[in-house]
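A structural walkthrough
The chain contents come next:
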Amino acid sequence: MTQQKKARRPSSKTLPKALTGIQGLDEITGGGLPSGRPTLVSGGAGAGKTMFGLEFLVRGATQYGEPGVFMSFEETIPDLTKNAASLGFDLGRLVAEKKLFLDHVAISRHEIEETGEYDLDGLFIRIADAVKRVGARRVVLDTIEALFGELPNPGILRAEIRRLFDWLKQQGLTTIITAERDRPDKLTRHGIEEFVSDCVIVLDHRIREEISTRRLRVVKYRGSTHGTNEYPFLIDEHGISVLPISSLGLDHAAPAARMSTGIDRLDGMMGGKGFYRGSSILMSGTSGTGKTSVAAHFVDAACRRGERCLYFAIEESPRQVVRNMRSIGIDLEPWVRKGLLQFHAARPTYGGIEEVLLLTHKHISSFQPSVVVVDPITTLLMVSTLNEVRSMLTRLVDFLKTQEITAIFTSLTAAGGDLEANEADVSSLMDTWLLLKTIEVGGERNRALYVLKSRGMEHSNQIREFVLTNDGLRLLDVYLGPEGVLTGAARMSQEGREKAAGTFRRQQLEGRGRELDRKRQIFEARMTMLRAEFEVEEEIIQQSISESKLLDAELLQDRGQMVRSREADTSAYKKVGSAPAARER
Amino acid sequence: MPTAKTRTRTQPRKPAPRKPAVWKLRLYVAGQTPKSIRAFANLKVLCEERLKGRYQIEVIDLLEHPHMARGDQIVAVPTLEIKLPQSVQRIIGDLSNTDRVLVGLALQQVG
């Protein structure tokens, strides 16, 4: 009972659902197939119906504790086992563990002669017995319509099949009934869809422009919302993966955290902090503008922080990328060895765009990176139309955002084309758009980059020249000339001119300083002279002062002697005598 | 033995199967349903008429032996299995169409 509850996630109050475990399908159906009810899976030959049914049972048995019964009306059990092994499922083990029961229903027409009324109790008994043996909660009937070719009297057969479905419902078995679809206007060859009213899924395998794509569509799901688009899906060694075209709403989180671009001055151009975590960055430019180098810087910086990066190299082989980046001083190899960086190289021409998307999804889901680089997205246009690429990128960007993965998409712009117009149809998906270009001036090409847009942050509006050095990418100082930003030789000559002007100014300054010194020296010399003159004068004056004082004193003395000699009143002379003398002065 | 492709029910079958000395018949049913009872009665009548003393009927109730449905590849019931020297013939239904049963039993040529 507890196992059963695990499998029936109450995503919808009205309808219990059974998770299929098929990657992506449970998202589209909002929790799986209707639990305890039959689901019709219809598709043409080779559409993947049997694989769908098998995976449903295997996932049920291994992940949700729901054993299953597979009734095969076409393939023999050894064939089934072999086919399932190609999806990585070991049916033999599951059968041995009593989690799965396989039964091959073989009827050869030439043995059968109808002599009256019959029913399918034989089949019922077989299914009931198989269900009982493993305690099955899930049943797959693949493909029950084969009975129409083997048994006479379609009228009886139809009635019996309806009775079978009713019985399966009564037993509460979640059932998948596969059916061959040979005409586009009909779901099944014999119209058994009318007995299955709950859920109908159509699988399709079509080839367009030599590229095959498998698609899945939920045609009907009574009592439940479901994605109605055609979803591409893939069958590979890990089973089926369905890719939801996009999540239903734009409700992903918008982290405010920032992460460095790995180039200091580029960070500086974006408010000093770099990209938003979980944002999508488009980097477009003509060939040889250094798109991969900028991406490599970002990857390198992320790996340095111990974050995981996934690099989809669509045009170059991983080794080539590593080698080339080493030439600008970025060694990615240690990160690869440490398992922080994973490269995936695949030419989209090989599998078609949907497959690229699916593979991308799968790799991202299994590696759980925080940074993804797709270099370049433009190659995808080779295998598809612009519309499809756009829709694929929308889905990819959506997916990455829900996972809060920062992504860099590089885009090769055709030389001579209008850089900004070419990308206009994908750029609206992107949060940040870096444009790399070569500026052709004075017979040379120089690289430059600018931030065309960056949502939600202040960013520089300058076109910045950069050079690729042995030591990485370096953004240079900005030199503005009469015709815009100066680059290359023009920049250097401007630098030279500025240097010359600087020298001149410095020399002028130095000259003035020297003049000042000289003036000071003259001034000081004059000061010394003046002081010397002053001292001479001072001496003379002092001398004359002291001489006259001496004279005074002598005069007084002479008078005193005179008084004394005349015996006059000395005191009167002493008192008054000096005063008139002072006054006289 | 003609192949399945060259033969349908409406076409006459050509070389007649060799007849066995004793007909071994096995009737698969699922419980005592009106159909199975009818099938058994029809078979009994026919055998008494045409094969008196030269037949054995084994009735297998699949409800009691469900694994035999799988082992013997039974889907529809009732199924009558006739072991002929060169092949095994199966007839489904309640055996009310006597002519067809006789064809199956290699007792009657069609057409």
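Above this text sits the structure in question.
Structural notes, computed from the coordinates. (Residues numbered from 1 in each chain as written. Chains lettered and ligands numbered in written order. Predicted model: local features only at pLDDT ≥ 70, side-chain atom pairs only at ≥ 80, totals over all residues. Heavy atoms only, no water.)

**A look at the sheet that holds strand 3 (residues 79–83) of chain B**
Strand order in the open sheet formed by five strands is 6(A)-4(B)-3(B)-1(B)-2(B), with mixed pairing between adjacent strands. Across the chains shown, the open sheet's two edge strands, defined by having one partner strand only, are strand 6 (112–114) of chain A together with strand 2 (55–61) of chain B. Averaged over all pairs of adjacent strands, the angle between their axes in this sheet comes to 20°, without regard to strand direction. With three bridges joining them, strand 6 of chain A and strand 4 (residues 88–92) of chain B adopt parallel strand pairing. In the strand pairing of strand 4 of chain B, Glu114 of chain A is matched with Ile92 of chain B. Its contacts with the sheet put helix 1 (residues 34–50) of chain B on strand 1 (23–29), strand 2 and strand 3 of chain B, and the angle it makes with strand 2 of chain B is roughly 175°. (Pairing = 2+ DSSP bridges. Helix = DSSP H or I, 4+ residues; strand = E, 2+ residues; numbered from the N terminus. Axes fitted to C-alpha atoms, helices over the stretch in contact; angles between N-to-C directions. Contact = heavy atoms within 4.5 Å.)

**Points about the sheet that holds strand 19 (residues 406–412) of chain A**
Remark on secondary structure: sheet strands pair via backbone hydrogen bonds, oriented parallel or antiparallel. Residues and elements named next belong to chain A. Spatially, the nine strands line up as an open sheet ordered 17-16-18-19-15-20-21-22-23, and their pairing is mixed. Each edge of the sheet is formed by a strand with only one pairing partner; in this case those strands are strand 17 (341–345) and strand 23 (472–475). Taking each pair of neighbouring strands and ignoring which way they run, the sheet shows an average axis angle of 25°. Sheet strands touched by helix 11 (residues 318–326): strand 16 (309–313) and strand 17. Its angle to strand 17, the strand with the most contacts, is close to 125°. Contacts from helix 16 (residues 386–402) reach strand 15 (280–285), strand 18 (371–375) and strand 19 within the one sheet, and its direction differs from that of strand 19 by about 155°.

**Concerning the interface of chain A and chain B**
Listed by partner, the interface residues are 29 residues for chain A and 31 residues for chain B. Together chain A and chain B conceal approximately 2,600 Å² of surface at their shared face, both sides included; 52% is due to carbon and sulfur atoms. The largest share of the area that chain A buries against chain B comes from Glu113, Thr115 and Ile125 of chain A, three residues that together contribute 28% of it. Viewed at the interface, chain B and chain A are joined by four salt bridges. Between the two partners, chain A and chain B, sit 16 residue pairs in polar contact (both at pLDDT 80 or more). Those elements giving two or more residues to the side of chain A that touches chain B turn out to be strand 5 (100–104), strand 6 and helix 6 (121–134) of chain A. Sorting elements by how many residues they give to the side of chain A that touches chain B places helix 6 of chain A first, with eight residues. When its residues are assigned to classes, the side of chain A that touches chain B shows 13 nonpolar, five polar and eleven charged. (Buried area = accessible area lost by both parts, 1.4 Å probe. Salt bridge = Lys/Arg side-chain N within 4 Å of Asp/Glu carboxyl O. Polar contact = N/O pair within 3.5 Å; in protein donor to acceptor, adjacent residues only side chain to side chain. Nonpolar A, V, L, I, M, F, W, Y, C, P; charged D, E, K, R; others polar.)

**A short note on empty space enclosed by the protein**
Considering all chains together, one arrives at two cavities of 30 Å³ or more under this definition. Every residue lining the largest cavity is counted, twelve residues in all, and those nearest its centre are Ile107 and Ile112 of chain A together with Gln73, Val75 and Arg90 of chain B. Considering only residue class, the lining of the largest cavity consists of eight nonpolar, two polar and two charged. Taken as a whole, the second largest cavity encloses approximately 30 Å³ of empty space. Lining the second largest cavity are Asp119 and Asp121 of chain A together with Ala30, Thr33, Lys35, Ser36, Val77 and Pro78 of chain B. Across the lining of the second largest cavity, the residue classes break down as three nonpolar, two polar and three charged. (1 Å grid on protein atoms, 1.4 Å probe; cavity = no way out; pocket = protein on both sides within 12 Å on 5 of 7 lines; lining within 4 Å. Points joined across faces, edges and corners; volume = space filled by probe spheres on them.)

**Re the side chain of Asp119 of chain A**
Within the element layout of this structure, Asp119 of chain A appears in the loop between strand 6 and helix 6. The exposure class of Asp119 of chain A is buried, given its relative accessible area of 5%. With residues near it in sequence (within four places) discarded, Asp119 of chain A still touches Glu160 and Arg163 of chain A together with Lys35, Val75, Ala76 and Val77 of chain B. (Buried < 20%, exposed > 50% of the residue type's maximum accessible area, 1.4 Å probe, protein only.)

**Some thoughts on a nonpolar patch on the surface**
Together, Val536, Ile540, Ile541 and Ile545 of chain A make up a nonpolar patch on the protein surface, roughly 350 Å² of accessible area in all. Its location among the elements puts Ile541 of chain A in helix 19 (residues 488–566). (Patch = residues over 30% accessible without salt bridge, like charges linked within 9 Å, V, L, I, M, F, W, Y side chains within 5 Å. Areas by Shrake-Rupley, 256 points an atom, 1.4 Å probe, with all protein chains shown as cover.)

**Description of the packing of aromatic side chains**
Residue and element names in this part refer to chain A. Across all of its chains, the model carries four aromatic pairs over all chains by this definition. Ring plane angle 35° and centroid distance 6.0 Å describe the contact between Phe124 and Trp167, whose orientation is recorded as tilted. Within this pair, whereas Phe124 is found in helix 6, its partner Trp167 is found in helix 8 (residues 154–170), the two being separated by 43 residues in sequence. Residue Phe124 is classed as buried on the basis of its relative accessible area of 8%. Assessed through its relative accessible area of 18%, Trp167 is described here as buried. If you follow Lys17 out to its NZ or CZ, it ends over the ring of Tyr221, 4.8 Å from the centre. For Arg258, the ring lying beneath its charged end belongs to Tyr276, and the centroid distance is 4.7 Å. (Phe/Tyr/Trp six-rings, centres within 6.5 Å; stacked < 30°, edge-to-face > 60°. Lys NZ or Arg CZ within 6 Å of the ring centre and 35° of its normal.)

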